[in-house]
Amino acid sequence: MEGQIRIREILHAKDCKDVVTQLSATRTANNRTIEVIASSNIFECVKNSETNGAKL
């Protein structure tokens, strides 16, 4: 995600289209990261519940 958005470019009024493109790319990268983290946590939660005999 680093480098996707540069505050300097926004503050110095870089072309609006470029700024929107960077913001969109950043959002996509953030969403993918969240999906990976969430799916990993869900997997661990289910695994731990099964190991401990807990019901979900």
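As a reminder, the structure under discussion sits directly above these lines.
Residues numbered from 1 in each chain as written. Predicted model: local features only at pLDDT ≥ 70, side-chain atom pairs only at ≥ 80, totals over all residues. Heavy atoms only, no water.

Counting secondary structure elements, the protein chain contains 2 helices and 0 strands. A burial count over the protein chain gives 9% of its 56 residues as buried. A total accessible area of about 4,900 Å² is found for the protein chain, and carbon and sulfur atoms account for 57% of it. (Helix = DSSP H or I, 4+ residues; strand = E, 2+ residues; numbered from the N terminus. Buried < 20%, exposed > 50% of the residue type's maximum accessible area, 1.4 Å probe, protein only. Areas by Shrake-Rupley, 256 points an atom, 1.4 Å probe, with all protein chains shown as cover.)

If you check helix H2 (residues 16–52), its first and last C-alpha atoms are 53 Å apart, about what 37 residues at 1.5 Å a residue would give, namely 54 Å. Turning to H2, its buried residues are Val19, Gln22, Thr26 and Ser49. Positive backbone phi, at 75°, marks Gly53, one or two positions downstream of H2. (Expected span 1.5 Å × (residues − 1).)

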